[in-house]
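Architecture at a glance
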Amino acid sequence: AKEQGKNQYQFFNGEMDRIVLQKTIIETALHEAIEKKQFTLFYQPQFDGQTKELIGMEALIRWIHPEHGIISPAIFIPIAEETGQIISIGEWVIEEACRKMKKWSEQTGRSLRMSVNISPKQFLKENFVEHIYSVLQNTPLPPHQLDLEITEGVAVFNEQYTIDKLKQLKQLGVHISIDDFGTGYSSLSYLRKFPIDRLKIAKPFIDGITEEKEDVAVVKAIIVLAKNLKLRVIAEGVETLQQLDLLRSLQCDEIQGYVLGKPLPADVFEKTYMKNQLP
Ligand code: C2E
Ligand code: CA
Ligand code: CA
């Protein structure tokens with residue numbers, strides 16, 4: 001037993017070393033990626049649940065590594081959060097997404113909405129609101145065309161600080177969505193206190209709605225909750241026509257998912273959805 005314990009200890013130690021090493025490698029590579037501008041944004045369309053009209057898009061970052069190809073944000077965003085590199089990466093994302101929205105607005109004459117993911121560390125940075133303000137001024141982009149997707153996690157650090165910052169953002173005129181709704185912070189009390197516009201129902205609930213009674217019940221309840229609080233509600237990760245039909249019958253306001261459109265590079269997104277509608 002003693003021998004086994006020792007082995008486990010060694011294994012654990014080795015595994016830890018490997019993880020730490022991997023993190024250090026990614027941190028160094030991220031540093032280079034920031035300098036060499038190896039990031040790009042993909043865009044995924046969001047549609048009105050009833051009219052099926054395009055209403056906006058979500059910007060999703062990709063790292064185009066010269067040797068490893070496209071690296072998913074699921075791998076590097078958590079590390080960038082830990083190292084603080086998310087600040088400069090996140091600022092670039094906001095600037096790039098706003099520039100693109102401006103260009104597409106001019107091209108199409110339509111006023112669509114650009115959703116940008118904001119990680120908690122980024123949101124909690126003291127100059128976050130100022131940065132948003134200066135990007136909107138400089139682009140320039142009408143504030144209502146920018147939607148910030150935050151997670152319930154921002155409330156854990158300091159609820160009053162979060163409320164103050166959200167109020168400042170609302171004063172600017174930007175939209176706020178709660179991403180992955182239902183998976184994080186357990187108390188719903190913040191819904192009354194946070195000046196938000198939209199709930200984004202987390203994908204795990206959507207996955208089960210055509211098979212699991214419980215998931216339908218949860219999704220139904222979230223939609224009713226949103227309506228009663230006068231919030232918009234969007235379902236994400238919608239993959240099948242059955243899920244789509246069910247969500248539409250439940251009066252879900254907005255839909256995003258592979259069944260209607262995958263995230264696409266800017267040029268492909270533009271060719272597919274940004275056809276010139278000006279006379
Ligand atoms: P998220 O914000 O929940 O984004 C939704 C993820 O689900 C995206 O993965 C998207 O490509 C994927 N997705 C959309 N529709 C479907 C579907 O029908 N089926 C399936 N299986 N997946 C679908 P992606 O692009 O890999 O992003 C992963 C996560 O990385 C995001 O989750 C978000 O938390 C984070 N992320 C992405 N871009 C950024 C960014 O610019 N800044 C920050 N801070 N985080 C980002
Ligand atoms: Ca998101
Ligand atoms: Ca999400």
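Residues numbered from 1 in each chain as written. Chains lettered and ligands numbered in written order. Predicted model: local features only at pLDDT ≥ 70, side-chain atom pairs only at ≥ 80, totals over all residues. Heavy atoms only, no water.

In the annotation of an unreviewed UniProt entry, the protein is listed under the name Bacteriophytochrome cph2 and assigned to Anoxybacillus ayderensis.

**Looking at the packing of helix 3 (residues 86-108) against helix 12 (residues 266-273)**
Put simply, helix 3 and helix 12 touch, their axes get as near as 12 Å, and they point 25 degrees apart. Judged on the interaxial angle alone, helix 12 and helix 3 are roughly parallel. Crossing hand, helix 3 versus helix 12: right-handed. Judged by residue contacts, Lys100, Lys103, Trp104 and Gln107 of helix 3 engage Ala266, Phe269 and Glu270 from helix 12. (Axes fitted to C-alpha atoms, helices over the stretch in contact; angles between N-to-C directions. Helix = DSSP H or I, 4+ residues; strand = E, 2+ residues; numbered from the N terminus. Parallel < 35°, antiparallel > 145°, perpendicular 65-115°, else oblique. Left-handed = near helix turned anticlockwise from the far one by under 90°. Contact = heavy atoms within 4.5 Å.)

**Here we look at the coordination of the calcium ion (ligand 3)**
Bound to the calcium ion (ligand 3) on the protein side are Asp179 (OD), Asp180 (OD), Glu236 (OE) and Glu236 (OE), at distances that span 2.2 to 2.8 Å. Positions of the donor residues of the calcium ion (ligand 3) along the chain correspond to the pattern D-D-x55-E. Metal-to-metal, the separation of the calcium ion (ligand 3) and the calcium ion (ligand 2) is 4.0 Å; Asp179 coordinates the two. (Donors = N, O, S within 2.8 Å, 3.2 Å for Na, K, Ca; no water.)

**Section: the packing of aromatic side chains**
For the coordinates displayed, the defined rule picks out 11 aromatic pairs. With 5.7 Å between their ring centres and 50 degrees between their planes, Phe123 and Phe128 make a pair best called tilted. Like Phe128, Phe123 is buried. Measuring from ring centre to ring centre gives 4.9 Å for Tyr190 and Phe194, while their planes differ by 55 degrees; the resulting arrangement is tilted. Classification of Tyr190 by relative accessible area gives buried; the value is 0%. Look at Phe194 and you get buried, because its relative accessible area is 3%. One aromatic cluster is present, built from ring pairs that chain together Tyr43, Phe47, Trp104, Phe269 and Tyr273. Its end group placed over the ring of Phe42, Arg62 keeps NZ or CZ at 5.1 Å from the ring centre. A cation over an aromatic ring shows up here: Lys262 above the ring of Tyr258, its NZ or CZ 4.6 Å from the ring centre. (Phe/Tyr/Trp six-rings, centres within 6.5 Å; stacked < 30°, edge-to-face > 60°. Buried < 20%, exposed > 50% of the residue type's maximum accessible area, 1.4 Å probe, protein only. Lys NZ or Arg CZ within 6 Å of the ring centre and 35° of its normal.)

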